[in-house]
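Descriptive structure summary
Letter by letter, the chains look like this.
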Amino acid sequence: AYPGQPPPPPPSTPPPPPPDGGPPGSLGMDMGLGGGVGGVAALAAAAGIGDAGGVQPVLERYRVAAARLDAAVSTEPAARFSLLPENHEARNAVNDIAAAAAITGAPAGSPQSDEAHLAVAQKLFQRLYDRPGAAGRRLHRTSHIAALAALRESSRAVTREVTGWLIYADDERKLNKDITEGLVRAGVVSEQFLGELDAHLAKLILGGGASATPAMECAVHIVQHCVIVEPCVAPAELTATLDALAKACARPGAPENVAELVEQARAKGEKKEGGGGGGKSKELPDPVGLRETVAQHFDEWARVQDLPSGDAATATFLTNLAKGRLLHEDTQDRFLRILVELAVTHCLGSEVSAGTPPPGAAPALSFVAVDAYVRLVALLCRRSSEPIASRLSLLGRALVAIARTAMRDTDERGAAFNPRPYFRALCGLMMEMHAPDSTLDTGHPQVLAAFASALLALQPLRVPGFAFAWLELVSHRCFLPRLLTDHNRKGWPLLQKLLTAMLKFLEPFLRQAELTETVRLLYRGTLRLLLVLLHDFPEFLCDHHFNLCDTIPPNCIQMRNLVLSAFPRNMRLPDPFTPNLKVDLLPEISQSPRVVADTENAFRSSPLRQELDAFLKNRSPANFCADLRGKLQLEPRAATAAGTRYDVPLLNALVLYVGVQAIQANRKDQSSPITHTAPMDVFKGLAQELDTEGRYLFLNAVANQLRYPNCHTHYFSCVLLYLFAEAGSEIVQEQITRVLLERLIVNRPHPWGLLITFIELIKNPRYNFWGHSFTRCAPDIERLFESVARSCIAPQKPEGSEDGGMPMPVS
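The rules we used
Counting starts from 1 at the beginning of each chain's written sequence and moves along it residue by residue. A pLDDT threshold of at least 70 governs which residues receive local features in this predicted model, and a stricter bar of 80 or more applies before side-chain atom pairs are shown or counted, although totals over entire chains, interfaces and linings include all residues. Each side-chain value is worked out from all heavy atoms of the structure, with water and hydrogens disregarded. Numbering of helices and strands runs from the N terminus; a helix is a DSSP stretch of H or I covering at least four residues, while a strand is a stretch of E covering at least two. Only protein chains enter the accessibility calculation, which uses a 1.4 Å probe; a residue is then buried when its area is under 20% of its type maximum, exposed when over 50%, and partly exposed in between. To measure how exposed things are, a 1.4 Å probe is used in the Shrake-Rupley method; for residues, cover is taken only from the protein chains shown. Joining through side-chain atoms within 4.5 Å is the link that ties buried Ala, Val, Leu, Ile, Met, Phe, Trp, Tyr and Cys residues into a set, and such a set is a nonpolar core. Between two residues, a contact is recorded if the distance between any of their heavy atoms is within 4.5 Å. Any Phe, Tyr or Trp ring, taking Trp's six-membered ring, that has another such ring centre within 6.5 Å forms a pair; planes under 30 degrees apart are called stacked, those over 60 apart edge-to-face, and the others tilted. By definition here, charges over rings are those cases where NZ of Lys or CZ of Arg is within 6 Å of the ring centre and within 35 degrees of the ring normal. Confidence of the predictor in every single residue is expressed as pLDDT, which spans 0 to 100. In this count, Lys and Arg are taken as positive residues and Asp and Glu as negative ones, while His and the chain termini are left out. The salt bridge criterion pairs a side-chain nitrogen of Lys or Arg with a carboxyl oxygen of Asp or Glu, the two atoms within 4 Å. To obtain an axis, a line is fitted to C-alpha atoms, over the contacting stretch when the element is a helix, and the angle between two such axes runs from 0 to 180 degrees between their N-to-C directions. In these notes the angle categories are as follows: under 35 degrees is roughly parallel, over 145 is roughly antiparallel, 65 to 115 is roughly perpendicular, and the rest is oblique. Amino acids are sorted into nonpolar (Ala, Val, Leu, Ile, Met, Phe, Trp, Tyr, Cys and Pro), charged (Asp, Glu, Lys and Arg) and polar (every other residue, Gly among them). The term polar contact refers here to a pair of N or O atoms within 3.5 Å; inside protein, the definition further demands a hydrogen-donor-capable atom paired with an acceptor-capable atom, and it admits residues adjacent in sequence only when both atoms are side-chain atoms.

Time to look at the overall build of the protein chain. Helix and strand counts for the protein chain come out as 35 helices and 0 strands. Looking at the protein chain residue by residue over its 811 residues, the buried ones come to 55%. On the protein chain, roughly 33,900 Å² of surface is accessible, and the fraction owed to carbon and sulfur atoms is 53%.

Ranked by size, the top nonpolar core spans 176 residues in total, and within it Leu183, Tyr373 and Phe466 carry the most contacts. By residue number, the principal contributor to this core is helix H21 (residues 492-511), which donates 11 residues. Among all residues touching Phe466, those that are not within four sequence positions of it are Phe417, Pro419, Tyr422, Phe423, Leu426, Leu458 and Leu473. Within the second largest apolar cluster, 65 residues are counted, among which are Leu616, Val732, Leu755 and Ala789.

The geometry of an aromatic ring pair comes down to the distance between the two centres and the angle between the two planes. Enumeration according to the criterion identifies 15 aromatic pairs in this entry. Note on Phe615 and Phe624: the rings are 5.0 Å apart at their centroids and 25° apart in plane angle, and the pair reads as stacked. Across the pair, Phe624 and Phe615 agree in class, each one buried. Taken together, the ring pairs connect Phe724, Phe758, Tyr767, Phe769, Trp770 and Phe774 into an aromatic cluster. The positively charged end of Arg738 is found above the aromatic ring belonging to Tyr696, 4.1 Å away from the centroid.

In this section: the confidence of the model for the protein chain. In the predicted model, the protein chain carries a mean pLDDT of 80, and the fraction of residues at 70 or more is 83%. Ranking the helices and strands of the protein chain by mean pLDDT puts helix H19 (residues 467-474) first, with 96, and helix H1 (residues 36-47) last, with 37. A low-confidence stretch, residues 1-52 stays under pLDDT 50, and its non-local contacts, those more than four residues away or across chains, total 191 contacts. Ignoring residues within four places in sequence, the model shows residues 795-811, a span with pLDDT below 50, making 24 contacts including any to other chains.

Along the polypeptide, Asp114 turns up in helix H4 (residues 111-129). It turns out Asp114 is buried and unbridged, and the closest side chain with the opposite charge, Arg160, is 5.3 Å from it. Excluding anything up to four places from it in sequence, Asp114 contacts Gly109, Ser155, Ala157 and Glu329.

Contact pair helix H16 (residues 388-413) / helix H18 (residues 445-457): the axes reach a minimum separation of 9 Å and the direction vectors enclose 10°. One way to sum up the angle between H16 and H18 is to call them roughly parallel. In this structure, H16 uses Leu392, Leu395, Leu399 and Met407 to contact H18, whose residues at the interface are Gln446, Val447, Ala450, Phe451, Ala454 and Ala457. Of the residues that constitute the contact of H16 with H18, the class distribution is 9 nonpolar, 1 polar and no charged.

Moving on, we come to the pattern of salt bridges. Evaluated as defined, the whole model comprises 30 salt bridges. In this structure, Glu89 and Arg68 form a salt bridge, with 2.2 Å as the shortest nitrogen-oxygen distance. Residue Glu89 is located in helix H3 (residues 89-100), and its partner Arg68 is located in helix H2 (residues 56-75); the two are separated by 21 residues in the primary sequence. Of the residues examined, Arg68 reaches a relative accessible area of 29% and is grouped as partly exposed. Linking Asp371 and Arg424 is a salt bridge whose minimum nitrogen-to-oxygen distance equals 2.9 Å. On the criterion of sequence distance, the pair formed by Asp371 in helix H15 (residues 368-381) and Arg424 in helix H17 (residues 420-434) is long-range, its members being 53 residues apart. Overall, the relative accessible area of 24% leaves Asp371 in the partly exposed class. Put simply, Arg291, Arg337, Glu341 and Arg408 are held in one network by salt bridges that share partners.

Before going further, it helps to examine the environment of Asp243. You can see Asp243 is positioned in helix H10 (residues 239-248). Under the relative-accessibility criterion, Asp243 is labelled partly exposed at 33%. When the C-alpha positions of Asp243 and Val262 are compared, they lie 8.3 Å apart, and in sequence the two are 19 residues distant. There is a polar contact of 2.6 Å between the side chain of Asp243 and the side chain of Arg266.

Here's what the structure looks like:
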């Protein structure tokens, strides 16, 4: 009902929905908060959890038609679908895809029909983006959009869900200008939901960050092609985007023609209004009398909600509700949204009537209406007479209503936004759905996915005033344990996205060290959550350390150490202080760790992957390492927003990818040393060619792999030690020392791999660590080195033992 604005991606999250049942961490998306059976079911599919068996026959027939479409597209990749002859194979394949969604035989608009159509739409939407270069081939793009448009004709839920996927996805690929134009022009993103896209583009353009530039390019393309050149959208429907582009023109380096483009679009809108052809409304108003009817039912529910379960009055209330058709598919969204508005209005109104609170105390609020909403939704979701798909649909829409109302509220109230009624509603629903139920509670994967999606929509980047309540909901006892323990880790990608959302919000403050008391409290709360995970669920941090470290700023050393110190609970760490410890002989050191890292996403925006593979295979071209520095740098505008000239996620992905390739190659041919290989040439080239800033980020990326005993830790420890020995420059050696030392001087915990690397560096005479001038550049620095060195090898043998300990500098 209300235009929703998604959280500004930073950079992650479209990626279209991932394959059903895909591995945790595979490229996925948050497919909005659309209601309907498809809304909640698709949310579960996006997270890789839930059962898609109900639409399996539909998907089987779809795969056959999709293969037929691929074959047809490959014959004329540059053609446009609308210009193909009627008997073209591509047209027949699109018709087969639309027919595949209809084989259930269910009536149009029924939950079964919507579920089938959305399952096919999900696959089509994914194929628009997931194959390298495919989105740039015209016939591939236009034929898939035509198939989505055909599905939209048979199911209104397709438009709602596709718009949600496009907006709420946490990935910059969703800003592909040609695909976005095609979806708008084909009516897949219809005028009813165009307001949401308009608000989202405006938010991204004005929000800065890495998404601002692609969002601006996408918006300029839409305005030029959909408003001016080949009109299919009224200028009034893109008001927020036009305003944002006008403001962005004042930024340094903004394209000069954007201001002229905005003026042309506005002039066209004024001319149209002057001719009596004003723009159309973005959303239809509520039917006359609907709000009053909903209010009457809400009052009736308030009178009967406390009666015992199974009371006749409750049954009568549900009967009257059904007779009023308020629970019908067409009116359910409006019904739940109006309920939320009534509950929140009553709650906030009680603050005014309660008078001025004592100093330092929060104003008293009455949550009677909010609690009534929670109980009503819980009752409707627990009706055993209804199919589970309908109950999941209703829960998803109830969460949508809360999220969208909160987003609209924060846009209207700004700093005066009060998060308490929304927190109470979400927390209440979590607790109600946590109560044991034979068919539907928080143990159900799609229930967890629905709550996680609602929280992603309300993440701090989108609703800053909800940040503290948001963090409490994420760590709630009725949500977090179920997300971590149920369904064989399939909820872990959702938690990783939630944690990343909080870290992205904190990142600008932490990077610039601008910690107000409020931000400091939020940072401490995030640290405590990470500590809980380190203590109770360390395997989660082990699996997702790469994505989390991508978001943690380089100067947040203790937070990063918390993540990197995790090790599996069934492992007993060898004591790193053991004299003459032979790391390469440890049984665990040959085992590969489980790392959920989507390096493909980082490489996708750069042609670096193909060039890198070629160099690792045959060490050509010879100038690859010398040219690598320029390929890792950001454009000036993106660099200003990111606070660094380098694409840190791309650099981290490159380091991990090259290391993994080196380990695999070494296992195939263990006779060749790791020092004289193409991967080591890449690392050595980076250490030599990068400037001070880039080298520091590169060395941090290497140090991020120094964790518990495994083959990654061993290899990257050898990389750092080799770079130190072969640097040929004391500047490089000093930076390596800095990266290790700054991680050791903070409070515990310290990663095991970090300790064994530093101990080896200062004890092994090969590296002559104490002979370098930077260890004695100042008395304070010298004392610091000696203190850290003593603490690192504290358990010394008595004098006269075989192990003489660390060679300390002679004062």
